[in-house]
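# Residue-level structure breakdown
These are the residues of each chain, in order.
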Amino acid sequence: MELAAHLAQVQGFTAIALGLIIGFGALGACIGIGIMGSKFLEAAARQPELVPLLQGRMFLLAGLIDAAFLIGVALAMFFAFTNPLLTAVKAVAGG
Amino acid sequence: MASEPQGGLTEYITHHLTHFKPVRMSPEGFWSVHIDSLTVSLVLGVIFCFWFWSKARKATSGVPSKGQAFVEIILEFVDGQVKDVFHGDRRFLGPLALTVFVWVFLMNAMDLLPVDLLPWITHQFGIGHFRSVPTADLNLTFAMSITVLLLVIFYSFKAKGLGGFTHELFTAPFGAHPALWIPNFVLNIVELLSKPVSLSMRLFGNMYAGELVFMLIAGLFSAGSWILYGMGIVGYAVWGIFHILIISIQAFIFMVLTIVYISMAHDHH
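Starting afresh in each chain, residues are numbered from 1 along the sequence in its written order. Written order decides the labels, with chains lettered from A and ligands numbered from 1. Residues qualify for local features only when their pLDDT is at least 70, as the model is predicted, and side-chain atom pairs are given and counted only at 80 or more; totals for whole chains, interfaces and linings, by contrast, use all residues.

### A closer look at the overall build of chain B
Convention followed: Every helix listed is a DSSP run of H or I at least four residues long, and every strand listed is a run of E at least two residues long, numbered separately from the N terminus. The exposure label follows from counting other C-beta atoms within 10 Å of a residue's C-beta, where the C-beta atoms are placed from the backbone and the thresholds are 20 or more for buried and 12 or fewer for exposed, leaving partly exposed in between. In this description, a residue-residue contact is defined by the distance between C-beta atoms placed from the backbone, which must lie within 7 Å.
Of the regular secondary structure elements, chain B holds 8 helices and 0 strands. By its C-alpha atoms, chain B is 70 × 60 × 40 Å across when sized along the principal axes. Across the 269 residues in chain B, those meeting the buried criterion constitute 30%. Considering only intrachain contacts with a sequence separation of at least 6, the fraction spanning at least 24 residues in chain B is 66%.

Okay, structure coming up:
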């Protein structure tokens, strides 16, 4: 059926897009946390007395680095369960 | 719950993602009112205020009770953060930071309750849908961050005066030449608007994704085999422990960024 084919196409592209969003977001976030963590360990080895101060800053930065990735995940999940791109197809089909 | 996994899982999740909206009064879309988020956030705010007020009322300067000591630890932690960043009168910013931190933390902690618990309880009273985490609602996080934006604008006016603020809006950071007024203005507006958007979307994204992973793992419980059921229990526990760290970090970040934005608005140039 025509409608099913169109819906399937939109859903298929949406699924690929969700994979790309989550994949690239995770890539960026993990590399960022890795670089930050390695700098923290270097600084902790060089000056152990600063560890409590640096640890607080490190958690702050971890949350900030993860922010864009998790916003992407939230958007991807939203598209996974209630795909707004389907409304155009359904409007053409129903109307 | 679901009888067959595939169709049932999606329906389970979309059922759990629907807010409780009063059918007769509230329109769909942008202007919809989410009674569940409002109620839970109000109840948690009242609990927080009552808890801290009751500890402050019976505060002794001798040996403190455990409850008082706990409240004092939180208070000193928040005050330390404010003192590090803000070099002005802390009598307004301190309580604001404390409210933001404890209230956001309590609202985030609602995510640690089992996914079906509050919806099941409210179902006994006839309410069809209920979402128990207020900060997983975009309306609430944007409400808080827009409030922070209004405070930033208010403190900018208070610190620099009306003329000083508009002067800075058009001449920082590139320079005072009239040809640079438009680029300066655009950059300043982008900077001003990106703060509440990033603040609220960060908190919303973390809480929404966390809640959704909880629901997906809970969907494993009805997937059929015993192995998946066991994996579901382990997965739920592991994700719950990880999520404790996430909610603490997100509440801390919201508080620190609120303090930093308001103290940046206080700076003269």
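What follows continues from the structure just given.
### Describing the confidence of the model for chain A
Under the convention used in this document: Looking at any residue, its pLDDT shows the predictor's confidence there, from 0 to 100.
The pLDDT averaged across chain A works out to 89; a share of 98% of its residues lies at or above 70. The least confident element of chain A, judged by mean pLDDT, is helix 3 (residues 86-94) of chain A at 80; the most confident is helix 1 (residues 2-46) of chain A at 93.

### A few points about the interface of chain B and chain A
One widely used convention gives an interface's size as the accessible area the parts lose upon coming together. Defined as follows: Residue type decides the class: Asp, Glu, Lys and Arg count as charged, Ala, Val, Leu, Ile, Met, Phe, Trp, Tyr, Cys and Pro as nonpolar, and the leftover types, Gly among them, as polar.
Each partner contributes residues to the interface: chain B has 18 residues there, and chain A has 13 residues. Listed by contribution, the elements that provide at least two residues to the side of chain B that touches chain A are helix 1 (5-16), helix 7 (181-220) and helix 8 (226-266) of chain B. Ranked by residue count, the leading element in the side of chain B that touches chain A is helix 7 of chain B, at 9 residues. Grouping the constituent residues of the side of chain B that touches chain A by class yields 11 nonpolar, 6 polar and 1 charged.

### Description of the environment of B:Asn184
Residues and elements named next belong to chain B. Locating Asn 184 in the fold gives a position in helix 7. Under the C-beta neighbour-count criterion, Asn 184 is labelled partly exposed, with 19 such atoms within 10 Å. Sequence separation between Asn 184 and Ala 143 is 41 residues, and the spatial gap between their C-alpha atoms is 28 Å. In contact with Asn 184, other than residues within four places in its own chain, are Phe 170, Thr 171, Ala 172 and Phe 174.

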